[in-house]
Amino acid sequence: MKKDDCIFCKIANGIIPANALYEDDTVKVIFDVGPASEGHVLILPKEHFDSIYMLDDETAAHIFKVAVKVAKALQKALPLEGLNVVQNNGKMAGQTVFHFHMHLIPRYQGDTVNIGWKPGEITPEQIDALKEKVAAEL
Ligand code: AMP
Ligand code: ZN
């Protein structure tokens, strides 16, 4: 399904022209318009999914296959020294376009990309409690 008011539906399906790096029946890979670093690309499914919770297995598997393919190409073509795969779900997590997309962000010495967190603490009892709660939903 496509969503009429969704910019990434329009880009992924050619309604708004985009300079695609890669395209197949399921996805389009585009350059981010506000790149965090040189070579920052987005993998967009052609179908509309708001976020990760809605993805089907086949599309999810395909997106990751394409991520590997494009990551290898970026690594060969650019002098990157690292690469972050980022995928935001929900406003709280920094999602600003509510059509599932995966970021591939090349990393360079001295870049200004900021991805990280301060490690917290957890006890074995807390892990057990979390595991019980979440595993019940798998
Ligand atoms: P997120 O914060 O994970 O939702 O990421 C949305 C990303 O989409 C941002 O990095 C934007 O720069 C990028 N973006 C928004 N509109 C466009 C567009 N028309 N073409 C390419 N990238 C876009
Ligand atoms: Zn969409």
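Right, let's walk through the structure included here. (Residues numbered from 1 in each chain as written. Chains lettered and ligands numbered in written order. Predicted model: local features only at pLDDT ≥ 70, side-chain atom pairs only at ≥ 80, totals over all residues. Heavy atoms only, no water.)

Let's shift gears to the coordination of the zinc ion (ligand 2). Taken together, C6 (SG), C9 (SG), H48 (ND1) and H99 (ND1) make up the full set of protein donors to the zinc ion (ligand 2), lying 2.0 to 2.3 Å away. Around the zinc ion (ligand 2), the 4 donor atoms sit at angles spanning 103 to 116 degrees, and that spread fits a shape best called tetrahedral. Donor residues binding the zinc ion (ligand 2) come from one chain and are separated in sequence as C-x2-C-x38-H-x50-H. Taken together, the residues C9 in helix α1 (residues 7-12) and H48 in the loop between β3 (41-45) and α2 (57-77) connect sequence positions 39 residues apart. With respect to class, C9 is no different from H48; both count as buried. (Donors = N, O, S within 2.8 Å, 3.2 Å for Na, K, Ca; no water. Tetrahedral: all angles 85-135°; square planar, octahedral: opposite > 155°, others 65-115°. Helix = DSSP H or I, 4+ residues; strand = E, 2+ residues; numbered from the N terminus. Buried < 20%, exposed > 50% of the residue type's maximum accessible area, 1.4 Å probe, protein only.)

Here we come to the site of ligand 1. The full set close to ligand 1 counts 16 residues, and D32, G94, T96, H101 and H103 are the nearest of them. For ligand 1, an oxygen atom lies 2.5 Å from a polar atom in the side chain of D32. Between ligand 1 and the protein, one listed contact pairs an oxygen atom with a side-chain N or O atom of N88 at 2.9 Å. In isolation ligand 1 offers 500 Å² of accessible surface; the protein chains occlude 78% of this area. Elements represented by at least two residues in the shell around ligand 1 include exactly α1 and β2 (27-31). Grouping the amino acids of the shell around ligand 1 by side-chain chemistry returns 8 nonpolar, 7 polar and 1 charged. (Near = heavy atom within 4 Å. Polar contact = N/O pair within 3.5 Å; in protein donor to acceptor, adjacent residues only side chain to side chain. Areas by Shrake-Rupley, 256 points an atom, 1.4 Å probe, with all protein chains shown as cover. Nonpolar A, V, L, I, M, F, W, Y, C, P; charged D, E, K, R; others polar.)

On to the pattern of salt bridges. Counted according to the given criterion, the structure contains 4 salt bridges. E47 is the partner of K2 in a salt bridge, and the nearest nitrogen-oxygen pair spans 2.8 Å. A residue pair is termed long-range when its members are at least 10 positions apart, and K2 in the segment before α1 and E47 in the loop between β3 and α2 qualify at 45 residues. Among the residues examined, K2 registers a relative accessible area of 43% and is labelled partly exposed. Residues joined by salt bridges that share partners form a network here, namely E23, K28 and K46. (Salt bridge = Lys/Arg side-chain N within 4 Å of Asp/Glu carboxyl O.)

Between its terminal C-alpha atoms α2 stretches 30 Å, which fits the 30 Å expected from 21 residues at 1.5 Å a residue. Residues T59, I63, V66, A67, V70, A71 and L74 constitute the buried set of α2. The buried residues of α2 occupy an angular sector of 145 degrees when the element is viewed end-on, so they sit on one face. Those residues of α2 that are exposed and angled more than 90 degrees off the buried face are D57, E58, K65, K72, Q75 and K76. (Expected span 1.5 Å × (residues − 1). Arc of directions from axis to C-beta.)

The next point concerns the sheet that holds β3. Pairing within the open sheet is antiparallel, and its 5 strands lie in the order β1-β2-β3-β5-β4. Sheet topology places β1 (20-23) and β4 (82-86) at the edges, where each strand pairs with a single neighbour. Strand-to-strand twist across the sheet, computed as the mean angle between neighbouring axes with direction ignored, equals 20 degrees. Alignment of β2 against β3, held across 5 bridges, turns out to be antiparallel. Across the sheet, V29 pairs through a bridge with I43, a residue of β3. Of the strands in this sheet, β1, β2, β3, β4 and β5 (102-107) touch α2, which is tilted by about 20 degrees from β5. (Pairing = 2+ DSSP bridges. Axes fitted to C-alpha atoms, helices over the stretch in contact; angles between N-to-C directions. Contact = heavy atoms within 4.5 Å.)

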